[in-house]
Amino acid sequence: MSKTVEVDVAVMGSGVAGMGAAYKLANAGGLKIAVFEKYPAQGGAVSNCPMCFCSTPDTPEAQKSAYEVLARFSNYNANMGLISKVVKYSSEFPKIFLEELKIEAPMVVKRDPAEYGTQRGYTMGHANGLDVGDIYFLNGRGQGHAMALALLRMRFALEKKGVEFYFQTPIKEIIRDEGGKVTGAVACDKDGEKIEIKCKALIVASGGISADLEMMKEEGIVHTKFEEVYKEGTQVIKTFPDSCQDGDGQKAVWAVGGKKGGFAISADPEVPNPCIRIGPNIPWFAANQIKIVVEQPYLRVNENGKRFINEEMSNQHTAMSAAYSNQSNMCGYMLMDEDTAKALEDGVDERYVYFIFKGMKIENIRAQMDAAIAAGNKHICHFDTIHEVAEYMGINETELKKTIEKYNKAVELGYDEDFKTDSSCMRAVREESGHIYCFRIFAGAYNTMGGLLIDENANIIDNNNQPIPGLYGAGDMVTGSLYGNPPVNAGGTVFGSMPTGLLAGDSAASYVKGAC
């Protein structure tokens, strides 16, 4: 090999988890640390997205309540000791982000610990099981980017402490000695030259597999005839278009005996919006309002023309993604008529709009849809008749008409016998209004979740559930140990990623110092 790097601890990945690990390692003192990142800059695949974080205060009442909510949320199918430590580490967020990195939080939503788990996580969009602390809304750059700014500042601070960063240098292989301890790794630089890494511990925090469609199909998380929508750049998976999320970390760990965890696409359902995004660095933000429209709790059906969920759940993204994943081709269809389209011009239901888009009105949705269709979007349509909509979208017309007839009757009566959807969320779908609109919505995500499993100290475990000495995991790839395996119930968040990074950093520092 042309180059050798010798460190005490190597970190694979520079997202919120990897940077959290490097932060703790640097603060431990006396360690030589290097971070290896496949992307050209720090931040991982989705650090451009978070505009807020959840932090559980370090009080007995808050810690206990958050622990209990998360334990129930996982159906006790997680590592209970890990949950406790994640909750504790989250209490450090205000100090790290606000005091040390000088990120401004103009709004903080304080939550009563006795009420944790009773509202949508982060106030909107996320599962109630993530309502486990105070919510800090951050100032970033432009539409979001708060975490990208935080991690840039963290990188500068870590470099001042001697942490070395190797960008465009992915780790491809992990080395264990005859006794089973991790002693190094092999990386490749941007020119393809191999680099030997000698280390006493390795922290793997390289994210998901969303850039590798074939791997997602092999792992069973993509199973649709519309598989092209799961390629980067369509907005269904909201990473950078060139995110480098191709499962390097999972593959390297499996190759040395790490236990394989389940995967999930679990977060924000989306209508594919190719060619409509505003720039490559804000993958979740489109130049139209279709995303806001499909947040509304209107009629949903599957390809069979049948309803499949209480539409009130449309502001709980992980539940909706799970529901779409269970339908044929991982999708469902939202329908509305012209009367509803006109009503949207006066404003959306504030209970059903992500906090980024509060207070918005929908301006001429038909023209917006036409522009997207002209750009190649085949997942939206509008016609005068239900027949035309069903034919274009491939929905069973006979069943769809039966469903609409029954649904409209429920609207008239003010009671939904089948799915118990609140009447305030129901709007009739009538050809008599003059026009019918339809949106094909897919299970979406900020990244894939899972693939590896860790113990309560962030040690990656083997197939016998024993820790692999010197090998640690953090971030989205280990969420099965935090939320339940597979982690279908929660999307990517700072709360779910950085605490495991902080824990991995502390554990690796103790391990290395104890071995010296």
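Anything mentioned here points back to the structure above.
Parameters at a glance
- Residues numbered from 1 in each chain as written.
- Predicted model: local features only at pLDDT ≥ 70, side-chain atom pairs only at ≥ 80, totals over all residues.
- Heavy atoms only, no water.
- Helix = DSSP H or I, 4+ residues; strand = E, 2+ residues; numbered from the N terminus.
- Rg over C-alpha atoms; globule rule 2.2 N^0.38 Å.
- Buried < 20%, exposed > 50% of the residue type's maximum accessible area, 1.4 Å probe, protein only.
- Contact = heavy atoms within 4.5 Å.
- Areas by Shrake-Rupley, 256 points an atom, 1.4 Å probe, with all protein chains shown as cover.
- Lys, Arg positive; Asp, Glu negative; His and termini not counted.
- Charge placed at Lys NZ, Arg CZ, Asp CG, Glu CD.
- Core = buried A, V, L, I, M, F, W, Y, C linked by side-chain atoms within 4.5 Å.
- Axes fitted to C-alpha atoms, helices over the stretch in contact; angles between N-to-C directions.
- Parallel < 35°, antiparallel > 145°, perpendicular 65-115°, else oblique.
- Left-handed = near helix turned anticlockwise from the far one by under 90°.
- Pairing = 2+ DSSP bridges.
- Salt bridge = Lys/Arg side-chain N within 4 Å of Asp/Glu carboxyl O.

Student: Which parts of the structure should I look at to understand the overall build of the protein?
Tutor: Looking only at helices and strands, the protein has 15 helices and 19 strands in total. At 23 Å, the protein has a C-alpha radius of gyration in line with the 24 Å of a compact globule built from 516 residues. Oriented by its inertia axes, the alpha-carbon framework of the protein measures out at about 80 × 50 × 45 Å. Each of the 516 residues in the protein was classed as buried or not, and the buried ones make up 61%. In the protein, once contacts between residues fewer than 6 apart in sequence are set aside, the share between residues at least 24 apart is 75%. In the form shown here, the protein has an accessible surface area of approximately 19,100 Å², with 48% of it arising from carbon and sulfur atoms. Taking the average location of the 52 positive side-chain charges in the protein and that of its 66 negative ones, the two points are 4 Å from each other.

Student: How should I be thinking about the nonpolar core in this particular structure?
Tutor: Buried together is how nonpolar side chains tend to be arranged in soluble globular proteins. In this structure, F97, L202, V204 and L471 are the most contacted members of the largest nonpolar core, which totals 95 residues. At nine residues, helix α15 (residues 494-515) tops the list of elements feeding residues into this core. Excluding residues that lie within four positions of it along the chain, V204 makes contacts with M12, I174, G249, V253, L452, I460, L471, Y472, G473, A474 and M477. Counting residues in hydrophobic clusters, the runner-up holds 65 residues, among them Y298, C331, A410 and F442.

Student: Where do I start with the packing of helix α2 (residues 60-73) against helix α3 (residues 80-90) in this structure?
Tutor: Two measures define how a pair of helices packs: the angle their axes make with one another and the distance between the axes. Axis separation between α2 and α3 bottoms out at 9 Å; the angle between their running directions is 135 degrees. In terms of their interaxial angle, α2 and α3 are classed as oblique. Crossing of α2 over α3 shows right-handed handedness. Facing α2, whose interface residues are Q63, A66, Y67, L70 and A71, α3 presents M80, I83, S84, V87 and K88.

Student: Whenever I open this one, the pairing of strand β17 (residues 448-452) confuses me. Can you help?
Tutor: For a regular strand, side-chain orientation follows a simple rule: the groups alternate between the two sheet faces. Of all five residues in β17, five are buried, a share of seventy percent or more. Bridge count for strand β12 (residues 260-265) against β17 is four bridges, and the pairing is antiparallel. When the bridges of β17 are listed, F263 appears paired with G450.

Student: What should I look at first to understand the pattern of salt bridges in this one?
Tutor: Note that side chains of opposite charge can pair when their charged atoms are close. Taken as a whole and assessed by the stated rule, the structure comprises 29 salt bridges. Between E100 and K95 there is a salt bridge, with its nearest N and O atoms 2.4 Å apart. According to the relative accessible area criterion, E100 is partly exposed, its value standing at 36%. Owing to a relative accessible area of 42%, K95 belongs among the partly exposed residues under this scheme. Notably, a salt bridge pairs R155 with E159, separated by 3.2 Å at the nearest N-O pair. In this pair, R155 and E159 are both assigned in helix α5 (residues 146-160), four residues apart and thus about one turn of the helix distant.

These figures capture arrangement, not role.
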